[in-house]
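# Structure assessment
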Amino acid sequence: VRIDEAHALVLQVLRASAVPYAFIGAFGVMAWAPPRATNDLDLVVVADQSQFSQLRAALTSAGLREGAGVGPAEPTDTLPDIAVFWLGASPSIRIDIFIAKLPFERDVVSTSHSISLGGTTAKVASLEAMLVYKLLASPTKDRLDIESMLTTASTAGRAIHWRQVRTWAIDWGIEDRVDEIAPANS
Amino acid sequence: MDPRYAAKKKQWAEALDRLQAESAADAANAEPGQRISRGLELSALTQQMPGAIFEKPLPPSLPALYRLRKNRP
């Protein structure tokens, strides 16, 4: 299975399910920076138990296999924090579905952008949300993604809403990381 | 190295270089959807790379990370 085929299939299921979502991860970065190769799909969905059960059934019907997920961190929670699905074999494509539990994650979906993609539309996280995700992660690759997004925004003359980035960063307690990348007067 | 394998690897590397160069050159002017389409093409090409190995650890739970950060001294 090619990753573009996996992406098209997942997008088709999402659109049919009407579950609010946004692509994050490499696809979120690529919306705002030069493309780079990736071998998985990451997205966040806003879904309750019933909606997620329907989405899970739709993904399974489309040929995806559910693997071991992550969480829930909260013992009383019935949904995983990250549901992990696989499509195809040799190589399998991994699809990480983050189920929105935090206000930040719900904001990521509500502030997502609709983009034209291959004759259809897809929702991707905003540039500001992607900066916060990458600041949270912090390893070298993520820092390169940040530089890449900032450089592209600068070249394209795209304004970054630093106030939004700071609001989310303060909630996460990582405002010092924003200071490292934001213009001094932002 | 098997000449057929070497030729395939060279062909793949050239195509990847070309696509990366094109993508970087017009990144600022391209629409987000165009960049993602290029990224999908780039990724599909990388998947075909001879000897490619794809492994990535599971990401952390954001609620767990949030709780950890909120509870830190």
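### A look at the overall build of chain B
Check the secondary structure of chain B and you find three helices and zero strands. Relative to its full complement of 73 residues, chain B shows a buried share of 36%. A total accessible area of about 4800 Å² is found for chain B, and carbon and sulfur atoms account for 55% of it.

### Topic: the nonpolar core
Residues and elements named next belong to chain A. Val45 and Ile95 are the most contacted members of the largest nonpolar core, which has 74 residues in total. At eight residues, helix α5 (residues 127-137) tops the list of elements feeding residues into this core. Beyond its immediate stretch of four places on either side in the chain, Ile95 contacts Val10, Leu41, Leu43, Leu64, Ala83, Val84, Phe85 and Leu87.

### What about the packing of aromatic side chains?
Using the criterion set out here, one finds six aromatic pairs over all chains in the structure. Geometrically, the ring pair formed by Phe104(A) and Tyr133(A) is edge-to-face, given 5.1 Å between the ring centres and 65° between the ring planes. With Phe104(A) in helix α4 (residues 103-110) and Tyr133(A) in helix α5, the pair connects residues that are 29 residues apart, well separated along the chain. The buried category is assigned to Phe104(A), whose relative accessible area is 2%. Ring geometry for Phe104(A) against Trp172(A): centres 6.1 Å apart, planes inclined by 85°, an arrangement best described as edge-to-face. Of this pair, Phe104(A) sits in helix α4 while Trp172(A) sits in helix α7 (residues 162-172), and the two are 68 residues apart along the sequence. One aromatic cluster is present, built from ring pairs that chain together Phe104(A), Tyr133(A), Trp168(A), Trp172(A) and Tyr66(B).

### Remarks on α7(A)
All buried positions along α7(A) are accounted for by Trp162(A), Val165(A), Trp168(A), Ala169(A) and Trp172(A). One side of α7(A) carries all its buried residues, which in axial view fall inside an arc of 130°. For α7(A), the elements touching its buried residues are α4, α5, α6 (140-156) and α8 (175-181) of chain A together with α3 (62-71) of chain B. Phi turns positive, to about 75°, at Gly173(A), one or two residues after α7(A).

### Overview of the side chain of Ser112(A)
Residues and elements named next belong to chain A. Its place among the elements puts Ser112 in the loop between α4 and β6 (113-117). Among the residues examined, Ser112 registers a relative accessible area of 14% and is labelled buried. Of the polar contacts made by the side chain of Ser112, one reaches the backbone oxygen of Val109; its length is 2.8 Å. If sequence neighbours within four positions are ignored, Ser112 has contacts with Tyr21, Ala22, Lys123, Val124, Ala125 and Ser126.

What counts as what
- Residues numbered from 1 in each chain as written.
- Chains lettered and ligands numbered in written order.
- Predicted model: local features only at pLDDT ≥ 70, side-chain atom pairs only at ≥ 80, totals over all residues.
- Heavy atoms only, no water.
- Helix = DSSP H or I, 4+ residues; strand = E, 2+ residues; numbered from the N terminus.
- Buried < 20%, exposed > 50% of the residue type's maximum accessible area, 1.4 Å probe, protein only.
- Areas by Shrake-Rupley, 256 points an atom, 1.4 Å probe, with all protein chains shown as cover.
- Core = buried A, V, L, I, M, F, W, Y, C linked by side-chain atoms within 4.5 Å.
- Contact = heavy atoms within 4.5 Å.
- Phe/Tyr/Trp six-rings, centres within 6.5 Å; stacked < 30°, edge-to-face > 60°.
- Arc of directions from axis to C-beta.
- Polar contact = N/O pair within 3.5 Å; in protein donor to acceptor, adjacent residues only side chain to side chain.

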